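Per-entry structural report
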Amino acid sequence: MNRCLLSALLGLLAVGFVGIAAATAQDATASPATVGTIHSPDGRNGISLHLDSQGTLSYSVTHEARRVIGASLLGLRRRDQDFRQGLVLAAVDDLETRQETYPLRAGIMPMVDQPHRRRRFGFRNAAGTPLTIDLDAGNEGVAFRYGFPDVQDDVQTILTEVTEFRVGLGAQGWLQPYNNASHYSPAYEDYYFAVKPGDRPPNSRGGATRGWSLPALFNIASANAWVLLSESGTDG
């Protein structure tokens, strides 16, 4: 049994953390090797996995051949192991095609029934401990997921995570701040604010903020697309 601790879902909607990282001209000069790319069954959405000379992982996302998420860091540190750098590629599984089917309890669509493609990439850190990254691409969006093949039923603690979502400088976003919980409000249900890359979260009704939270919506004008970032599947 693989214990998967984090997965991120990126929905891509065509038009006719979380901190916001801004993609700059400097990012374009970095050229990590592309480990693999998968595309949705209709070919419109793509997600790529990259590995640089320091053994650091990153990913990028395209929609209709236009980049909507620039090369963005992947990595984390468990209490017992570090997966932020020093990684080497160990295995690449065959590409799978799956059919995702489940009912919806609300909305105009009573049933989700759509194909998607998935591929697993295996890595080892400097200590030889394995890490897997699953890439998934469907017609409605793309996703990635961390996995620990060496973990069975014992509990592991994540001390640091460097996962980021890197959008262009011209992106317009709508996010809610993550606050300290109070007697009158929870930490994660605040107002959504219009922001741009590099903006710090404002102090809002919960008092001092601790960062931005998900889900997050961005309009990527340069790609003529909307991007919805969310998090799911954290229980494996």
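Just above sits the structure.
Because the structure is predicted, anything quoted here is derived from the model rather than measured.

Looking only at helices and strands, the protein chain features zero helices and 18 strands. Split into buried and exposed, the 236 residues of the protein chain put 41% on the buried side. Counting every atom, the protein chain has about 12,500 Å² of accessible surface; 51% of that belongs to carbon and sulfur.

Our next topic: the side chain of Q114. Relative to the elements of secondary structure, Q114 occurs in strand 10 (residues 111–124). Under the relative-accessibility criterion, Q114 is labelled buried at 18%. Excluding residues that lie within four positions of it along the chain, Q114 makes contacts with R98, Q99, E100 and E140.

With that out of the way, let us pick up the pairing of strand 3 (residues 33–39). Judged from the six bridges that link them, strand 3 and strand 4 (residues 45–51) form a sheet pairing that is antiparallel. For A33, the partnering residue across the bridge sits in strand 4 and is L51. Hairpin geometry of strand 3 and strand 4 is characterised by an intervening segment of five residues between the two adjacent antiparallel strands and by a positive phi of about 80° at G43.

Take a nonpolar patch on the surface next. Taken together, the side chains of Y102, L104, I108 and M109 present a nonpolar region at the surface, about 450 Å² in accessible area. For L104, a relative accessible area of 35% puts it in the partly exposed group.

Another point: the side chain of N125. With respect to the helices and strands, N125 occurs in the loop between strand 10 and strand 11 (130–138). Looking at N125, its side chain comes within polar contact range of the main-chain oxygen of D82, at 3.2 Å. At 2.8 Å, the side chain of N125 and the backbone nitrogen of T129 are in polar contact. For N125, the residues in contact, after removing those within four places along its chain, are Q81, D82, F83, G86 and L87.

Overall, the coordinates contain 10 salt bridges when judged by the stated rule. Among the salt bridges present, the one from R44 reaches E64, with a minimum N-O distance of 2.8 Å. Residue R44 is found in the loop between strand 3 and strand 4, and its partner E64 is found in the loop between strand 5 (57–63) and strand 6 (66–74); the two are separated by 20 residues along the sequence. A relative accessible area of 34% places R44 in the partly exposed class.

Turning to the packing of aromatic side chains, a few remarks are in order. Tallied over the entire structure, the rule returns four aromatic pairs. Taken together, Y59, F144 and Y146 form an aromatic cluster joined through their ring pairs. The cationic tip of R78 hangs over the ring face of F148; the distance from NZ or CZ to the ring centre is 4.6 Å.

Moving on, we get to the environment of T37. Of note, T37 is situated in strand 3. For T37, the residues in contact, after removing those within four places along its chain, are I47 and S48. In this structure the side chain of T37 is engaged in a polar contact, spanning 2.6 Å, whose partner is the side chain of S48.

Here the focus is the environment of N224. Tracing the chain through its elements places N224 in the loop between strand 17 (209–220) and strand 18 (225–231). For N224, a relative accessible area of 33% translates into the label partly exposed. Sequence separation of N224 and H63 is 161 residues, and the distance between their C-alpha atoms is 9.1 Å.

A negative phi holds for most residues other than glycine; trans holds for most peptide bonds. At the junction of L214 and P215, the peptide bond is cis and its omega measures out at 5° in the coordinates. The phi torsion at A65 lies on the positive side, around 70°, for a residue other than glycine. With respect to the element layout, A65 can be found in the loop between strand 5 and strand 6.

About the criteria used
Residues numbered from 1 in each chain as written. Predicted model: local features only at pLDDT ≥ 70, side-chain atom pairs only at ≥ 80, totals over all residues. Heavy atoms only, no water. Helix = DSSP H or I, 4+ residues; strand = E, 2+ residues; numbered from the N terminus. Buried < 20%, exposed > 50% of the residue type's maximum accessible area, 1.4 Å probe, protein only. Areas by Shrake-Rupley, 256 points an atom, 1.4 Å probe, with all protein chains shown as cover. Contact = heavy atoms within 4.5 Å. Pairing = 2+ DSSP bridges. Patch = residues over 30% accessible without salt bridge, like charges linked within 9 Å, V, L, I, M, F, W, Y side chains within 5 Å. Salt bridge = Lys/Arg side-chain N within 4 Å of Asp/Glu carboxyl O. Polar contact = N/O pair within 3.5 Å; in protein donor to acceptor, adjacent residues only side chain to side chain. Phe/Tyr/Trp six-rings, centres within 6.5 Å; stacked < 30°, edge-to-face > 60°. Lys NZ or Arg CZ within 6 Å of the ring centre and 35° of its normal.

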